[in-house]
Amino acid sequence: MSTSLSQVANLEAEAIFIFREVASEFERPCLLFSGGKDSIICLHLAIKAFEPAPVPFPIMHVDTGHNFPEVIEFRDRMVEQHGLRLVVASVQDAIDAGKVTEQTGRGASRNRLQTGALLDGIEEHRFDALFGGARRDEEKARAKERVFSFRDEFGQWDPKGQRPELWSLYNGRHNQGEHMRIFPISNWTELDVWHYIRDAGIEVPHVYFAHDREVFHRDGMWLAVTEFLQPEEGEHVETRMVRFRTIGDATCTGAVESAADSIDKIIEEVGATRVTERGATRADDRASEAAMEDRKKEGYF
């Protein structure tokens, strides 16, 4: 077995251990599921951790309402295929209820509004542990996370107040109203993710593979033309061969020009790149040097 395959096998074993540890320690866990590659891997690992029994907790999608249609179709198909319980925390519902105000104008996005919808969903269903697909190699703030990441009664994160995890011993103690964010693939890299997808035969949405798509250039990124996002004056629509390295709100998730139309080609491309997937393609992370950390302190993923 090659070194890369051996490492991925070890990462899989670690993640499965974490899923089982949380299921035994917490009363109301939940898996955050966006239809992106990292949450797909987390779902695959959860299924593997508990088979032949069903996954013993629901999945929750924090829905901005501005999703790529291919991703929503994929989400619904996975729910039906695996007999999952789906909880949807809707940003649109929060807007309609007057809880949050939608941004307008150039660069407007619902991405930051997900925090309120997420915290409302946690409170409504009384979740005490939420699995997420964040990885340390994605972004600086996520590199500060523990595997068991404590959140206070307001859902907020204090990067200086996290608990040590020596020898992979996890401390899940919390009071009523507090909860943990759990990151089973925290130690994986983007390259590990794609090796695992290939070797385990995991299906991912078509948008991850190179395809022809109508896009326009804005702020150094290629953004897809959708019903939610149209070019402004001076921005020209072009059909280009692109793919998405990460999936989020369609209004702030950029594509990269690519010919990688297979997993092997994606692995080759990712192995050669020197820019993280979020750093290259997420407009919301460019607001400031500490944009992600600021949002995580408020309760973001």
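This text goes with the structure placed above it.
Computed from a predicted structure; not experimentally measured.

Caption draft 1: Just the layout of surface pockets, in detail. Approximately 470 Å³ is the volume found for the largest pocket. As for the largest pocket, its lining consists of 20 residues, and the residues nearest its centre are Arg126, Phe127, Gln176, Gly177 and Glu178. Of all the elements, helix H5 (residues 114–125) adds the most residues to the lining of the largest pocket, at three residues.

Caption draft 2: Inspection of the environment of Thr226 at higher detail. Turning to its location among the elements, Thr226 is positioned in the loop between strand E8 (221–224) and strand E9 (238–243). Distance from Thr226 to Phe68, taken between C-alpha atoms, is 8.2 Å for residues 158 residues apart in sequence. A polar contact of 3.1 Å, which involves the side chain of Thr226, links it to the backbone nitrogen of Phe228.

Caption draft 3: Looking closely at helix H10 (residues 291–298). Within H10, the full set of buried residues consists of Ala291, Met292, Glu293, Arg295 and Lys296. Positive phi shows up at Gly299, right after H10, with a value of about 125 degrees.

Caption draft 4: The arrangement of the pairing of strand E1 (residues 29–32) in detail. By the alternation rule, side chains of E1 split into Pro29 and Leu31 and Cys30 and Leu32, which are all buried. In terms of strand pairing, E1 meets strand E4 (residues 129–131) through three bridges, oriented parallel. Within E4, the position partnered with Pro29 by the bridge is Ala129. Bridge analysis of E1 against strand E2 (residues 59–63) gives two bridges, and the strand direction is parallel. The residue of E2 that forms the bridge with Leu31 is Ile59.

Caption draft 5: A look at the sheet that holds E4. Read across the open sheet, the six strands follow the order E3-E2-E1-E4-E6-E5; overall the sheet is mixed. In this open sheet, the two edge strands, each paired with only one partner strand, are strand E3 (86–90) and strand E5 (148–151). Recorded for the sheet is a direction-independent mean angle of 30 degrees between the axes of neighbouring strands. Contacts from H5 reach E1, E2, E3, E4 and strand E6 (179–182) within the one sheet, and its direction differs from that of E2 by about 150 degrees.

Caption draft 6: Focus on the nonpolar core. Ranked by size, the top nonpolar core spans 59 residues in total, and within it Phe19, Ile41, Leu45, Phe148 and Trp194 carry the most contacts. The biggest single contributor to this core is helix H2 (residues 37–50), with eight residues. Among the nonpolar cores identified, the runner-up in size contains 20 residues, and Cys30, Ile95, Val100 and Met292 belong to it.

Caption draft 7: Structural context of the packing of helix H7 (residues 190–200) against helix H8 (residues 263–272). The contact between H7 and H8 brings their axes to 10 Å, and the two run at 165 degrees. Put simply, H7 runs roughly antiparallel to H8. Between H7 and H8 lies a crossing whose hand is left-handed. Where H7 approaches H8, its residues Glu190, Leu191, Trp194, His195, Ile197 and Arg198 are matched on the opposing element by Ile263, Asp264, Ile266, Ile267, Val270 and Gly271. Among the residues making up the contact of H7 with H8, the classes are represented as seven nonpolar, two polar and three charged.

Rules used in this analysis
- Residues numbered from 1 in each chain as written.
- Predicted model: local features only at pLDDT ≥ 70, side-chain atom pairs only at ≥ 80, totals over all residues.
- Heavy atoms only, no water.
- 1 Å grid on protein atoms, 1.4 Å probe; cavity = no way out; pocket = protein on both sides within 12 Å on 5 of 7 lines; lining within 4 Å.
- Points joined across faces, edges and corners; volume = space filled by probe spheres on them.
- Helix = DSSP H or I, 4+ residues; strand = E, 2+ residues; numbered from the N terminus.
- Polar contact = N/O pair within 3.5 Å; in protein donor to acceptor, adjacent residues only side chain to side chain.
- Buried < 20%, exposed > 50% of the residue type's maximum accessible area, 1.4 Å probe, protein only.
- Pairing = 2+ DSSP bridges.
- Axes fitted to C-alpha atoms, helices over the stretch in contact; angles between N-to-C directions.
- Contact = heavy atoms within 4.5 Å.
- Core = buried A, V, L, I, M, F, W, Y, C linked by side-chain atoms within 4.5 Å.
- Parallel < 35°, antiparallel > 145°, perpendicular 65-115°, else oblique.
- Left-handed = near helix turned anticlockwise from the far one by under 90°.
- Nonpolar A, V, L, I, M, F, W, Y, C, P; charged D, E, K, R; others polar.

All we've got here are geometric facts, nothing functional implied.
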